[in-house]
Amino acid sequence: IGDELIDRIFNVLESLIPRSDALILSDYAKGLFSSSLLPRVIELAQSVGTPIVVDPKSPDLKIYSGATLLTPNTLEAERAVGFTIHSDADAEHAGNRILHDADVSAVLITRGCHGMSLVARDSPPLHLASGALEVFDVVGAGDTVISTLACSVAAGASLADAAAIANVAAGLVVAKPDIATVAPQELLDRLLSLASCRPRHE
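Model, not experiment: these values are computed from the prediction.

### Considerations on the packing of helix H1 (residues 3-16) against helix H2 (residues 38-47)
And step 1. Two elements in contact, H1 and H2, have axes separated by 11 Å at closest approach and are oriented at 15°. Considering their axes alone, H1 and H2 lie roughly parallel with respect to each other. Like other packed secondary-structure pairs, H1 and H2 cross with a definite hand, here right-handed. Contacts between H1 and H2 pair Ile-6, Asp-7, Phe-10, Leu-13 and Glu-14 from the former with Arg-40, Val-41 and Leu-44 from the latter.
And step 2. Here the residues of the contact of H1 with H2 are counted per class, giving 5 nonpolar, no polar and 3 charged.

### Section: a nonpolar patch on the surface
And step 1. A cluster of nonpolar residues, Ile-1, Leu-5 and Leu-32, forms a patch on the protein surface that exposes about 260 Å² of accessible area.
And step 2. With respect to the element layout, Leu-32 can be found in the loop between strand E1 (23-26) and H2.

### Remarks on the pairing of strand E2 (residues 52-55)
Successive side chains on a regular strand alternate, one facing one side of the sheet and the next facing the other.
And step 1. Of the two faces of E2, the one lined by Ile-52 and Val-54 and the one lined by Val-53 and Asp-55 are each fully buried.
And step 2. Sheet analysis places E1 next to E2, joined by 4 bridges and oriented parallel. Within E2, the position partnered with Leu-25 by the bridge is Val-54.
And step 3. Viewed along the sheet, the connection from E1 through H2 into E2 turns out right-handed.
And step 4. Bridging between E2 and strand E3 (residues 69-70) involves 2 bridges; their strand directions are parallel. Bridge assignment links Val-54 to a residue of E3, and that residue is Leu-70.

### Description of the confidence of the model for the chain
And step 1. For the chain, mean pLDDT is 89; residues scoring 70 or higher make up 93% of the total.
And step 2. Averaged pLDDT values over the elements of the chain bottom out at 84 in helix H7 (residues 184-197) and peak at 96 in H2.

### Concerning the sheet that holds E1
And step 1. Judged by pairing direction, the sheet is mixed, and its 6 strands sit side by side in the order E1-E2-E3-E4-E5-E6 without closing on themselves. The open sheet has two free edges, formed respectively by E1 and strand E6 (126-128), since each of these has just one partner strand.
And step 2. In this structure, strand E5 (residues 116-120) lies alongside E6, joined through 3 bridges in antiparallel fashion. Each residue of the ladder has a partner; that of Met-116, found in E6, is Leu-128.

### With respect to the packing of helix H6 (residues 159-173) against H7
And step 1. Where H6 meets H7, the axes come as close as 10 Å, and the angle between the chain directions of the two elements is 115°. Taken together, the axis directions place H6 and H7 in an arrangement best described as roughly perpendicular. Judged by the twist between their axes, the crossing of H6 over H7 is right-handed. From H6, Ile-165, Val-168, Ala-169 and Leu-172 reach across to H7, where they touch Glu-186, Leu-187, Arg-190, Leu-191 and Leu-194.
And step 2. Of the residues in the contact of H6 with H7, the class split is 7 nonpolar, no polar and 2 charged.

### Overview of the pattern of salt bridges
Side chains that differ in charge, positive against negative, can pair when their charged atoms come close.
And step 1. Evaluation of the coordinates by the stated rule reveals 4 salt bridges.
And step 2. The partner of Asp-7 in a salt bridge is Arg-40, and the shortest N-O contact between them spans 3.1 Å. Highlighted residues: Asp-7 in helix H1 and Arg-40 in helix H2, separated in sequence by 33 residues.
And step 3. One salt bridge in this structure joins Arg-111 and Asp-88, with 2.7 Å as the shortest N-O distance. Of this pair, Arg-111 sits in the loop between strand E4 (106-110) and E5 while Asp-88 sits in helix H4 (residues 88-102); the two residues are 23 residues apart in sequence, bridging distant segments of the chain.
And step 4. Note on Asp-88: relative accessible area 37%, which makes it partly exposed.

Rules of the game
- Residues numbered from 1 in each chain as written.
- Predicted model: local features only at pLDDT ≥ 70, side-chain atom pairs only at ≥ 80, totals over all residues.
- Heavy atoms only, no water.
- Axes fitted to C-alpha atoms, helices over the stretch in contact; angles between N-to-C directions.
- Helix = DSSP H or I, 4+ residues; strand = E, 2+ residues; numbered from the N terminus.
- Parallel < 35°, antiparallel > 145°, perpendicular 65-115°, else oblique.
- Left-handed = near helix turned anticlockwise from the far one by under 90°.
- Contact = heavy atoms within 4.5 Å.
- Nonpolar A, V, L, I, M, F, W, Y, C, P; charged D, E, K, R; others polar.
- Patch = residues over 30% accessible without salt bridge, like charges linked within 9 Å, V, L, I, M, F, W, Y side chains within 5 Å.
- Areas by Shrake-Rupley, 256 points an atom, 1.4 Å probe, with all protein chains shown as cover.
- Salt bridge = Lys/Arg side-chain N within 4 Å of Asp/Glu carboxyl O.
- Buried < 20%, exposed > 50% of the residue type's maximum accessible area, 1.4 Å probe, protein only.
- Pairing = 2+ DSSP bridges.
- Right-handed = clockwise from strand over helix to strand, strands pointing away.
- pLDDT = per-residue confidence, 0-100.

Written as structure tokens, this is what we have:
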């Protein structure tokens, strides 16, 4: 995209981001997130304290420097770090490498049937087992994860709690055919059901 269009887009965002509780940057590698636009958007969000959640597509994760959270899937993380991810330990290693190389606050690697791994600065790694009861269609799972993460963070949840909630939401959406969504009440009911199943400690 040209400089004129970049300026028009940024002018719109300049009025919206300060009034927003979170910013989702969902990169589809179609050319919108150019080197002329992306740093300006991230810097703007940082300046007003708006959390930035990124679904990355570029193998060069440095272009998202300054973001709050990146959500690469296993393949995207492997491309970025140059080694395969087979285990929780591999995911931790990859997450720490991305934290260092990309200069972001946290990384949530979505690992399909192996769940998710959250690696953040100044907190221990968190590995979440897949929340799927059954898998019918994985289309839209990544979008469900990033939108639930952003909503949870915007509502004041910690990154760990936001990741856990997103994991449950993804488990619900992959159990539905075609492109599907998860209703708020549906997610709340599932979270309450899971909470009621936890053993109680004196």
